[in-house]
Amino acid sequence: MKLNMRQWADALISSGPKKPMPVLSFPSVQLLNVSVGELVHSASLQAEGMRRIALRVDAAAALSMMDLSVEAEAFGARIRFGDNEVPSVIGCLVEDMAGAESLQVPEVGAGRTGLYLDAVTEAARTITDRPVLAGVIGPFSLAGRLMDMTKIMVSCYDEPEMVHTTLRKVTDFLIAYTRAYKASGANGVVLAEPAAGLLSPALCEEFSSPYVKEIVDAVQDDQFLLVYHNCGPAVPRMIPEILSTGAGAYHFGNAVDMEDVLCRMPEDVLTMGNIDPVADFRNGTPDSVRAHTLALMETCCKHKNFLISSGCDIPPVSPWENIDAFFAAADTFYHR
Amino acid sequence: MILEDIGALLQKGKSKDVERLTLEALESGLEPATILEDGLLAGMSVIGKKFKDGDVYIPEVLIAARAMNAGVAVLRPRLAAAGVEQHGTVVLGTVKGDLHDIGKNIVRMMMEGKGLKVVDLGVDVPAERFIDAAQENDADVIACSALLTTTMNEMREVVTRVKASPLHGKVKLMVGGAPVTKEFSDAIGADCFTADAASAADAALKLCGAN
């Protein structure tokens, strides 16, 4: 379904009651009665899971899986799959400059990227009452998975050329991959760049934001929105660097004070966050989720550009009564 | 002055300069323990505080810790010869089923920066390996890290096994990681939870002192 996504974001800002937009996809395993392992290997299950979630909750958008192993796997990284946990990258693909130089940029469709594209294509066909947003990893976070996260942090100082060489290649891939999502009928992507939230503002400015901006410039237009997600703790200190990406909307994690972040964000930029996905959605109770959601909205909804969301990806086995309590609390806030 | 220079260069992550100045300090007749405490650990302590306060970030901590280790490597033979002991021993690892290590690595560096000996077991560590390593190294603390909501329950297994082992009462148990909370730590019977790496190092030092 074609939508003007700039108008969609502007309408959310200007409207009073706003539909929440949690990063909600993996708990579909409970609705489908399948394992995470089965879900991440099946386009049809993913599309059906997104459809079931859209039927159950009145969210501002339907989001596909935030599986941050998919793109690394396409580059050749080894992946560990678990029945009830989101897949993890194993080992290190780029160990030195020679490894960075010889790293091959995969074709879109490599590994499970084709499967994820098929899922979003089907979801965009069947979900027609709200935008469908695909999930992609950000360039620094992908490079970190290929180089080893600790190593890339040190290499920002020791071997910046190696980091930039890797970033160049992952960015080329991410542009092509995101363009494929655009062609699939998705209305946008949520680009997850959590590793950049561990950097100083200066390093973020050098090693993350310019590459994210390249992706934004390549894909974002009236019909396709890029939502920048960063759940790192350093976000409040790097707002200018984050805004330099030019993304159409921003999503922040529970490691930050959302009110503090909103005070630093432009009033006309849609900004989402940040109910704790683990302490609340996964390990909380309906009462605690309701209380924390209402408290956050009390604090933050005076900012018209604030949209209530989870702070990050909601874990697969989070009780649905907690997720339902989140939506009910948001509804209560706006309609009491 | 030279000790201040060592601390300052350590904070900038200048490994080679720290190594060189540590050697010069030794040659000038300073005691190895003084160089360690007032140069290297003092510099690392500043980095730890700045990290806790949000004034430096993970990459800066990593390169500072590496510089500290470069200095410690110069001192190690002299420290051993002088009978200088570390402040305690921590067995550290990411629990079974979990492959995430950056948080654990930061904790290790912060703990080493407090003068603790850290036996880093890496990632995907089963409960029995924590216990074996604690026994082999006469550890004061076992520290478990997890990033995943599913694997954090493996911490309960570590706590249960330790309490059923001869280590019970001798080794303190620390837990941490993004999904871990004080409530969870209390529920599984761990001795200590901290929310960040710098606090973990402070707490471990205190627990080692208590033993």
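Residues numbered from 1 in each chain as written. Chains lettered and ligands numbered in written order. Predicted model: local features only at pLDDT ≥ 70, side-chain atom pairs only at ≥ 80, totals over all residues. Heavy atoms only, no water.

Asks: Got a minute to help me understand the overall build of chain B in this structure?
Replies: Helix and strand counts for chain B stand at nine helices and five strands. The order of helices and strands in chain B, counted from the N terminus, is α-α-α-α-β-α-β-α-β-α-β-α-β-α. Taking 2.2 N^0.38 as the reference for a compact globule, 211 residues should give roughly 17 Å; the C-alpha atoms of chain B span a radius of gyration of 17 Å, in line with that estimate. Projected onto its principal axes, the C-alpha positions of chain B cover 50 × 35 × 25 Å. Scored against the burial criterion, the 211 residues of chain B give a buried share of 55%. (Helix = DSSP H or I, 4+ residues; strand = E, 2+ residues; numbered from the N terminus. Rg over C-alpha atoms; globule rule 2.2 N^0.38 Å. Buried < 20%, exposed > 50% of the residue type's maximum accessible area, 1.4 Å probe, protein only.)

Asks: I tried to follow the layout of surface pockets on my own but got confused; where do I start?
Replies: Using a probe with the size of a water molecule, rolled over the atoms, empty space left in the structure can be pinpointed. All names here are of chain B. In this model, the second largest pocket occupies a volume close to 300 Å³. Lining the second largest pocket are 18 residues, and of these Leu36, Val72, Arg76, Gln86 and Leu116 sit closest to its centre. Elements with a contribution of two residues or more to the lining of the second largest pocket: α3 (32-52), α4 (58-81) and β2 (117-120). If you tally residues by element for the lining of the second largest pocket, the top one is α4, at six residues. Taken together, the residues that form the lining of the second largest pocket break down as nine nonpolar, four polar and five charged. (1 Å grid on protein atoms, 1.4 Å probe; cavity = no way out; pocket = protein on both sides within 12 Å on 5 of 7 lines; lining within 4 Å. Points joined across faces, edges and corners; volume = space filled by probe spheres on them. Nonpolar A, V, L, I, M, F, W, Y, C, P; charged D, E, K, R; others polar.)

Asks: For this particular structure, what's the right way to read the sheet that holds strand β4 (residues 172-176) of chain B?
Replies: Across a sheet, paired strands are connected by hydrogen bonds in the backbone, their directions being either parallel or antiparallel. Residue and element names in this part refer to chain B. Strand order in the open sheet formed by five strands is β2-β1-β3-β4-β5, with parallel pairing between adjacent strands. Each having just a single partner strand, β2 and β5 (192-193) make up the two edges of the open sheet. The sheet contacts of helix α6 (residues 127-136) involve β1 (89-94) and β3 (141-145), and relative to β1 the element is tilted by about 160°. (Pairing = 2+ DSSP bridges. Contact = heavy atoms within 4.5 Å. Axes fitted to C-alpha atoms, helices over the stretch in contact; angles between N-to-C directions.)

Asks: Help me understand the side chain of A:Gln46 in this model?
Replies: Tracing the backbone shows A:Gln46 in helix α4 (residues 43-56). Not counting residues up to four positions away in its chain, the partners in contact with A:Gln46 are A:Leu39, A:Val40, A:Met65, A:Leu115, A:Tyr116 and A:Ala119.

Asks: Sorry if this is basic, but what is going on with the pairing of β3(B) here?
Replies: Remark: a regular strand shows side chains that alternate across the two faces of the sheet. All names here are of chain B. In terms of burial, β3 is a largely internal element, five of the five residues being buried. Taken together, the five bridges between β1 and β3 define a ladder with parallel strand orientation. Bridge pairing links Gly93 to Cys144 in β3. Note: β3 against β4, five bridges, orientation parallel. The partner of Ala143 across the bridge, within β4, is Met174. For the crossover that starts at β3, traverses helix α7 (residues 154-163) and ends in the parallel β4, the hand is right-handed. (Right-handed = clockwise from strand over helix to strand, strands pointing away.)

Asks: Can you help me understand empty space enclosed by the protein in this one?
Replies: Residue and element names in this part refer to chain A. The final tally for this structure, using the stated rule, is two cavities of 30 Å³ or more. Roughly 90 Å³ of internal volume is contained in the largest cavity. Lining the largest cavity are Pro22, Leu24, Met50, Ile53, Ala54, Val57, Ala59, Ala61, Ala62, Leu63 and Arg130. For the lining of the largest cavity, the elements supplying multiple residues, two or more each, are α4 and β1 (62-63). Among the elements that make up the lining of the largest cavity, the one with the highest residue count is α4 (three residues). Partitioned by chemical class, the residues of the lining of the largest cavity number 10 nonpolar, no polar and one charged. The volume enclosed by the second largest cavity comes to roughly 60 Å³. As for the second largest cavity, its lining consists of Val23, Leu63, Ser64, Met65, Met66, Leu133, Ala134, Gly135, Val136, Val190 and Ala192. Elements that contribute at least two residues to the lining of the second largest cavity include exactly β4 (132-137) and β5 (188-192). Counting residues per element, the lining of the second largest cavity draws most heavily on β4, which supplies four residues.

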